[in-house]
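The primary structure of each chain is shown beneath.
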Amino acid sequence: MKVAVFFDYANIHAASKELHCKVDYGALLEYLADDMEQRSLQVAYAYVPIDPRQEHAMDETIARLWKQGYIVKSKVGFIVGDTYKCDFDVEMTLDMTRVALEMDPDIVVLVSGDRDFIPIVLYMRDKGIRVEVASFDNSMSKQMSYKCSGYISLDTLIHVQNDTEEDDDTVEEMSYYTANIEVKEEE
């Protein structure tokens, strides 16, 4: 089966920070397009927001994502109070539509729990494309979980490693084990 992946970096990164874990995005991509499961990766896009106050802060992350197999699309956000806003919904929706029409994937995997993507998920499903959504439970829209073809809970992938450092900045590592994946199918 041909697989196309669309990864909302800001959504997943924020959810993983809230859970105090770090995501291995390369391992995640390997799981989502696992040849052993007859899932052949056609394309993987990652959408990475750029803080306008620190335009090069994400350079290392972007380089790592490219090396891991993603086509990275970045955009400089705009300042809103003490933070910044950078919305990729339109770009992601356009890319998903283009890929659906030009590449004809069997499965589209949206790595985001944002309910703003429900219209494109329903459009894809109307076109006969299976749409799986991968997200942490803390950032997964309940409405989205009902409307996608299958939900991959990233919470089931968290594996705590004991770090030798004992400071407050210690981060739990996330490992991916296919035996621990919970995919919730539509009813």
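Residues numbered from 1 in each chain as written. Predicted model: local features only at pLDDT ≥ 70, side-chain atom pairs only at ≥ 80, totals over all residues. Heavy atoms only, no water.

### Re the overall build of the chain
Then step 1. When helices and strands are counted, the chain shows 6 helices and 11 strands.
Then step 2. By the burial criterion, 44% of the 187 residues in the chain qualify as buried.
Then step 3. In the chain, 68% of the contacts between residues at least 6 apart in sequence involve partners at least 24 apart.
Then step 4. Put simply, the chain shows about 10,300 Å² of open surface, and 47% of that area lies on carbon and sulfur atoms. (Helix = DSSP H or I, 4+ residues; strand = E, 2+ residues; numbered from the N terminus. Buried < 20%, exposed > 50% of the residue type's maximum accessible area, 1.4 Å probe, protein only. Contact = heavy atoms within 4.5 Å. Areas by Shrake-Rupley, 256 points an atom, 1.4 Å probe, with all protein chains shown as cover.)

### Focus on the packing of helix α4 (residues 89-103) against helix α5 (residues 118-126)
Then step 1. Axis separation between α4 and α5 bottoms out at 10 Å; the angle between their running directions is 5°. Classed by the angle they form, the pair α4 and α5 counts as roughly parallel. Along its contact with α4, which presents T93, M96, T97, A100 and L101, the element α5 presents I120, Y123 and M124. (Axes fitted to C-alpha atoms, helices over the stretch in contact; angles between N-to-C directions. Parallel < 35°, antiparallel > 145°, perpendicular 65-115°, else oblique.)

### Examining the pairing of strand β1 (residues 2-8)
Then step 1. With respect to burial, β1 is a largely interior element, 6 of its 7 residues being buried.
Then step 2. Both β1 and strand β3 (residues 40-50) contribute to a ladder of 7 bridges, which runs parallel. The residue of β3 that forms the bridge with V5 is A44.
Then step 3. With 5 bridges joining them, β1 and strand β7 (residues 107-111) adopt parallel strand pairing. (Pairing = 2+ DSSP bridges.)

### Overview of the packing of aromatic side chains
Then step 1. In the structure shown here, the tally under the stated rule is 7 aromatic pairs.
Then step 2. When the centroid spacing of 5.7 Å and the interplanar angle of 20° are considered together, the rings of F6 and Y45 count as stacked. Highlighted residues: F6 in strand β1 and Y45 in strand β3, separated in sequence by 39 residues. Residue F6 shares its accessibility class with Y45, and that shared class is buried.
Then step 3. Here F7 and Y70 contribute two aromatic rings whose centre-to-centre distance is 5.6 Å and whose plane-to-plane angle is 40°, an arrangement assigned as tilted. (Phe/Tyr/Trp six-rings, centres within 6.5 Å; stacked < 30°, edge-to-face > 60°.)

### Topic: the pattern of salt bridges
Then step 1. Here the structure, examined in full by the defined rule, presents 8 salt bridges.
Then step 2. The partner of R53 in a salt bridge is D51, with the nearest N and O atoms 2.9 Å apart.
Then step 3. Since its relative accessible area comes to 13%, D51 is described here as buried.
Then step 4. A salt bridge links R98 to D95, with the shortest nitrogen-to-oxygen separation between them at 3.7 Å. One end of the pair, R98, and the other, D95, are both in helix α4, 3 residues apart, so they sit about a helical turn from each other.
Then step 5. Its relative accessible area of 8% is what places D95 among the buried residues.
Then step 6. Sharing partners across several salt bridges, the network here consists of K73, D95, R98 and E102. (Salt bridge = Lys/Arg side-chain N within 4 Å of Asp/Glu carboxyl O.)

### Quick notes on the nonpolar core
Then step 1. Core analysis: the biggest nonpolar cluster contains 30 residues, and F7, L65, Y70 and V111 have the highest contact counts within it.
Then step 2. Contributions of two or more residues to this core are made by β1, α1 (9-18), α2 (25-32), β3, α3 (59-67) and β7.
Then step 3. Residue contributions to this core peak at 5 residues, all from α2.
Then step 4. F7 has contacts with I12, Y25, Y45, A46, Y47, L65, Y70, M92 and V111, leaving out every residue within four places of it along the chain. (Core = buried A, V, L, I, M, F, W, Y, C linked by side-chain atoms within 4.5 Å.)

### Topic: the environment of N138
Then step 1. Inspection of the secondary structure puts N138 in the loop between β8 (130-135) and α6 (142-147).
Then step 2. Excluding its chain neighbours within four sequence positions, the residues that come into contact with N138 are A15, E18 and L19.
Then step 3. There is a polar contact of 3.1 Å between the side chain of N138 and the side chain of E18. (Polar contact = N/O pair within 3.5 Å; in protein donor to acceptor, adjacent residues only side chain to side chain.)

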